Amino acid sequence: MDEVKQIVTDIKNGHLKPIYFLMGEEPYYIDRISEFIEDHVLAEEERGFNQMVLYGRDVTVEDIISNAKRYPMMADHQVIIVKEAQDLARSIEKLADYAKQPQPTTVLVMNYKYKTIDKRKALYKTLQKNGVVYESKKLYENQVADWIRRVLSTKNYTIVPKAAQMLVEFLGTDLSKISNELDKLQIILPKGTQISPEHIEENIGISKDFNNFELRQAIGEKNAFKAFRIVNYFAENPKDNPMVVTVTLLFNFFSQLLQFHGLTDKSPRNVASALKVNPYFVNEYVLAAKNYPMKKVSEVISVLREFDVKSKGVGSNAVPQGDLLKELLVKIVS
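Here the structure is a predicted model, which means the values were calculated and not measured.

## Describing the overall build of the protein
For step 1, the next point in the chain: The number of helices and strands found in the protein is 17 helices and seven strands.
For step 2, the next point in the chain: The C-alpha extent of the protein, read off along each of the three principal axes, is 75 × 45 × 45 Å.
For step 3, the next point in the chain: Within the span of the protein, comprising 334 residues, buried residues form 47% of the whole.
For step 4, the next point in the chain: Considering only contacts within the protein whose residues lie at least 6 apart along the sequence, 76% involve residues at least 24 apart.
For step 5, the next point in the chain: Both charge centroids of the protein, one from 45 positive and one from 43 negative side chains, sit 5 Å from each other.

## Section: the sheet that holds strand β4 (residues 106-113)
For step 1, the next point in the chain: Judged by pairing direction, the sheet is parallel, and its five strands sit side by side in the order β2-β3-β4-β1-β5 without closing on themselves. Edge positions in the open sheet fall to β2 (51-55) and β5 (132-135), since each of these has one partner strand only. Pairs of neighbouring strands in the sheet enclose a mean axial angle of 15°, with direction left out of account.
For step 2, the next point in the chain: Of the strand pairs in this sheet, β2 and strand β3 (residues 78-83) are connected by five bridges, and their pairing is parallel. Each bridged residue has a counterpart across the sheet, and for Met52 the counterpart in β3 is Ile80.
For step 3, the next point in the chain: Relative to the sheet, helix α2 (residues 27-40) contacts β1 (19-24), β2, β3, β4 and β5, its axis offset from that of β4 by approximately 160°.
For step 4, the next point in the chain: Sitting on the sheet, helix α6 (residues 122-130) is in contact with β1 and β5, with an inclination near 115° to β5.

## A few points about the packing of aromatic side chains
For step 1, the next point in the chain: Scanning all chains against the criterion turns up nine aromatic pairs.
For step 2, the next point in the chain: The interplanar angle of 90° and the centroid separation of 5.4 Å between the aromatic rings of Tyr28 and Trp147 together place this pair among those described as edge-to-face. Of this pair, Tyr28 sits in helix α2 while Trp147 sits in helix α7 (residues 141-154), and the two are 119 residues apart along the sequence. Here the two residues Tyr28 and Trp147 agree in accessibility, since each one is buried.
For step 3, the next point in the chain: Ring centres of Phe210 and Tyr233 lie 4.8 Å apart, and the angle between their planes is 20°; this geometry places the pair in the stacked category.

## Concerning the pattern of salt bridges
Proximity of charged atoms lets side chains of opposite charge pair with each other.
For step 1, the next point in the chain: Under the criterion given, the structure shown has 16 salt bridges.
For step 2, the next point in the chain: With a closest N to O distance of 3.3 Å, Glu181 and Lys184 form a salt bridge. Separated by three residues within a single helix, Glu181 and Lys184 lie in helix α9 (residues 175-188), roughly one turn from each other.
For step 3, the next point in the chain: The buried category is assigned to Glu181, whose relative accessible area is 14%.
For step 4, the next point in the chain: For Lys184, a relative accessible area of 41% puts it in the partly exposed group.

## Structural notes on empty space enclosed by the protein
For step 1, the next point in the chain: Evaluation of the coordinates by the stated rule reveals two cavities of 30 Å³ or more.
For step 2, the next point in the chain: By volume, the largest cavity amounts to about 30 Å³.
For step 3, the next point in the chain: Around the largest cavity, the lining residues are Arg216, Gln217, Gly220, Glu221, Phe253, Glu284, Leu287 and Ala288.
For step 4, the next point in the chain: Looking at the lining of the largest cavity, the elements with two or more residues in it are α11 (212-221) and α15 (282-291).
For step 5, the next point in the chain: Per-element accounting of the lining of the largest cavity gives the leading share, four residues, to α11.
For step 6, the next point in the chain: Broken down by class, the residue content of the lining of the largest cavity amounts to three nonpolar, two polar and three charged.
For step 7, the next point in the chain: Here the second largest cavity is characterised by a volume of approximately 30 Å³.
For step 8, the next point in the chain: Lining the second largest cavity, in full, are Leu215, Ile219, Val231, Leu250, Leu325, Leu328, Leu329 and Ile332.
For step 9, the next point in the chain: At the level of elements, α11 and α17 (321-333) are the ones that each hand at least two residues to the lining of the second largest cavity.
For step 10, the next point in the chain: Looking at the lining of the second largest cavity, the element that brings in the most residues is α17, giving four residues.

## A word on α6
Along an α-helix, a turn takes 3.6 residues, which lines up residues three or four apart on a common side.
For step 1, the next point in the chain: Listed in full, the buried residues belonging to α6 are Leu123, Tyr124, Thr126 and Leu127. Along α6, the residues classed as buried sweep out an arc of 170° about the axis, all on the same side. Pointing more than 90 degrees away from the buried face of α6 are the exposed residues Lys125 and Lys129.
For step 2, the next point in the chain: Its buried side turned inward, α6 meets β1, α5 (95-100) and β5.

## Details of the side chain of Gln186
For step 1, the next point in the chain: Mapped onto the elements, Gln186 comes out in helix α9.
For step 2, the next point in the chain: Beyond its immediate chain neighbours, meaning those up to four positions away, Gln186 contacts Leu152, Lys155 and Tyr157.

The rules behind the values
- Residues numbered from 1 in each chain as written.
- Predicted model: local features only at pLDDT ≥ 70, side-chain atom pairs only at ≥ 80, totals over all residues.
- Heavy atoms only, no water.
- Helix = DSSP H or I, 4+ residues; strand = E, 2+ residues; numbered from the N terminus.
- Buried < 20%, exposed > 50% of the residue type's maximum accessible area, 1.4 Å probe, protein only.
- Contact = heavy atoms within 4.5 Å.
- Lys, Arg positive; Asp, Glu negative; His and termini not counted.
- Charge placed at Lys NZ, Arg CZ, Asp CG, Glu CD.
- Pairing = 2+ DSSP bridges.
- Axes fitted to C-alpha atoms, helices over the stretch in contact; angles between N-to-C directions.
- Phe/Tyr/Trp six-rings, centres within 6.5 Å; stacked < 30°, edge-to-face > 60°.
- Salt bridge = Lys/Arg side-chain N within 4 Å of Asp/Glu carboxyl O.
- 1 Å grid on protein atoms, 1.4 Å probe; cavity = no way out; pocket = protein on both sides within 12 Å on 5 of 7 lines; lining within 4 Å.
- Points joined across faces, edges and corners; volume = space filled by probe spheres on them.
- Nonpolar A, V, L, I, M, F, W, Y, C, P; charged D, E, K, R; others polar.
- Arc of directions from axis to C-beta.

Right under this line is the structure:
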């Protein structure tokens, strides 16, 4: 995020590079940087003759170079944005010769999503010397809640940890989807609001009481009544609560619990660091560890592996997923 801010700041201050090569598994920041260049480098009246959007599936590297070598018309720069540049993966190294001596009046933006170029080859080394190479890495699930908090803080909002976790568990690690939902909340809620689970439920449609976060907490507490209520809700709404997601989240939880048992230093700070969780949730692991000794945790992990296969239809085609989930819950809490 700091690297993105620096790129944007440099552009705002007029420190332009002739090539921006934006690559990596997470498309969110690639899109944000590209959109910022598209909207801010040229004045609106300059864009008609000097701004061009190309698509990797429709052009060759030679086409891109040919356009990049043109001079701007009645402007200091021309901007060429190549979207879906990863479609040129087989021939992308041909860009290296142009990158050695790029046209100084051209700003060439390559959106190379879901992939990276070989850092050992000439193109990468030349781009580093004469342009900007930005690699957008996928966030791990345990990093997304903190990302949500930081994004909202820049807009003068805060969020309750449980509400952030609800978004992560419902939307996964897709930053674009999460950003869209955060934009909706910012339209509805005034600045300075602390976003709560109730706000998430009312405006996004994620139940604050019947979700994987609450199920994990109920199982950790060995609150069988609450856990079965949630599972029954999941059984009645299978499309919104796919079993494969629930099993994956529970597997991650019990894997962390196994790691917790192995820690010699169980101070809140160390637990949060070792398990890569928000300190707000450390007490959940402390309580769950009392309810599930290490031997039981190992058994639960084995059961979850078994039901992960079943949830994908192997050996249980005729069994409704709601019934499988109930059976799984019995094995965990018994």
